[in-house]
Amino acid sequence: MKKISVLIPCYNEEENVEELSREIKEQFEKYLSEYDYEIIFIDNYSTDSTRVKLIRLCSEDKRIKAIFNARNFGQFNSPYYGMLQTTGDCTITMCADFQDPVDLIPRLVHEWEQGYKIVCSIKTKSKENPLIRSMRTCYYKLIKKMSNIDQIEQFTGTGLYDKDFIDVLRGLNDPTPFLRGIVAELGFRRKDIPYEQQKRRAGKTSNNWYKLYDAAMLSFTSYTKVGMRICTIAGFFMSMISILVAVIYLILKLVNWYSFAMGDAPILIGIFLLGGIQLFFIGFLGEYMMSINQRVMNRPLVIEERRINFDENEK
């Protein structure tokens, strides 16, 4: 009997975890009864009653498992680490807030049985904030054009991954993994299926502008060289312009055009302009340096505080 692992990363989802586990089990009972399954929650240091409810769920059903992180390890490390702990013939990942419909599971499994090693869920419609939606769309199109890897538009990581691909992930040893880019770069035969992203059913999202920025910078620094090239090219042209302006200013001064040459305004404007551009590019290069620094330190993806319903050989 084939086994399917369903991974649910969660953080402060006390209003959703019980209902979500119930609906997932219903999907298997109605449409996937010929499969064994496990549901793994990886909790990223929730501060509400999420862990209490997960402990109760695990005590009631041994097929429900839980990993409790020792602290919050971020929106990318925790799900990635959870995928490495699954034991199924394939792993399905989805959010804990019901934005990814539970009825996606049979569709994902059906495509997997057709021979696809990876099945990506692509958001063709969304009930999220229109402004956020439009910004995400622009971001996906921009990163796709800038990257030397054919990035997948409107793909957040929700989907199905064959155990062969999970084994690839285990061998990467990447301390700052960006799953969406890894799937595009190293993925096997893939099928994309459309779905409509729902509104969060309950609770409040932990995403904010900083986390969205963090995600964007991780993808840029991991899969594009364009930022570095822009800095180099822009620096070259600004240097040429600065030299040209300096020569023109000197000529005007020599011919006694005091009304222009003796004024301080052009100099001040030039200083502020060049200073602003330099600060911007220094910060942009710093993002690349921080990404390199994290990889060089090679810290663990996650430190576990506790795991429930795992066998000894599943550590």
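A brief report on the enclosed structure follows.

Definitions and limits used
Residues numbered from 1 in each chain as written. Predicted model: local features only at pLDDT ≥ 70, side-chain atom pairs only at ≥ 80, totals over all residues. Heavy atoms only, no water. Helix = DSSP H or I, 4+ residues; strand = E, 2+ residues; numbered from the N terminus. Buried < 20%, exposed > 50% of the residue type's maximum accessible area, 1.4 Å probe, protein only. Contact = heavy atoms within 4.5 Å. Areas by Shrake-Rupley, 256 points an atom, 1.4 Å probe, with all protein chains shown as cover. Pairing = 2+ DSSP bridges. Axes fitted to C-alpha atoms, helices over the stretch in contact; angles between N-to-C directions. Right-handed = clockwise from strand over helix to strand, strands pointing away. Parallel < 35°, antiparallel > 145°, perpendicular 65-115°, else oblique. Left-handed = near helix turned anticlockwise from the far one by under 90°. Nonpolar A, V, L, I, M, F, W, Y, C, P; charged D, E, K, R; others polar.

**Points about the overall build of the protein**
Here comes step 1: For the protein, the helix and strand inventory stands at 11 helices and 8 strands.
Here comes step 2: Taken across its 315 residues, the protein has 44% of its residues classed as buried.
Here comes step 3: A separation threshold of at least 6 residues defines the contact pool for the protein, and within that pool the share at least 24 residues apart is 82%.
Here comes step 4: Counting only carbon and sulfur atoms, one obtains 59% of the accessible surface of the protein, whose full area is about 16,900 Å².

**Some details on the sheet that holds strand β6 (residues 155–162)**
Here comes step 1: Strands sit in the order β7-β5-β6-β4-β1-β2-β3-β8 across an open sheet of 8 strands; the sheet is mixed. Strand pairing shows two members of the sheet lacking a second neighbour, β7 (190–197) and β8 (304–308), which therefore form its edges. Each neighbouring strand pair of the sheet contributes to a mean axis angle of 20°, computed without reference to strand direction.
Here comes step 2: Bridge count for strand β2 (residues 36–43) against strand β3 (residues 64–69) is 5 bridges, and the pairing is parallel.

**Observations regarding the pairing of β3**
Here comes step 1: The buried fraction of β3 amounts to 6 of the 6 residues, a majority that puts the element mostly inside the structure.
Here comes step 2: Burial of the side chains of β3 extends over both faces: I64, A66 and F68 are buried on one face and K65, I67 and N69 on the other.
Here comes step 3: By the bridge criterion, 4 bridges tie β3 to β8 in an arrangement that is antiparallel. Note on β8: the bridge partner recorded for I67 is R307.

**Some thoughts on the pairing of β2**
For a regular strand, side-chain orientation follows a simple rule: the groups alternate between the two sheet faces.
Here comes step 1: Most of β2 is tucked away, with 7 of its 8 residues classed as buried.
Here comes step 2: Taken together, β2, helix α2 (residues 50–60) and β3 constitute a β-α-β crossover, and its handedness is right-handed.

**What to know about the packing of helix α3 (residues 77–84) against helix α6 (residues 163–170)**
Here comes step 1: For the pair α3 and α6, the least separation of the axes is 9 Å and the interaxial angle reads 120°. Relative to α6, the element α3 lies oblique. Considering the relative orientation of α3 and α6, their crossing is left-handed. Residue-level inspection shows Y80, M83 and L84 of α3 in contact with α6, the latter providing I166, L169 and R170.
Here comes step 2: Of the residues in the contact of α3 with α6, the class split is 5 nonpolar, no polar and 1 charged.

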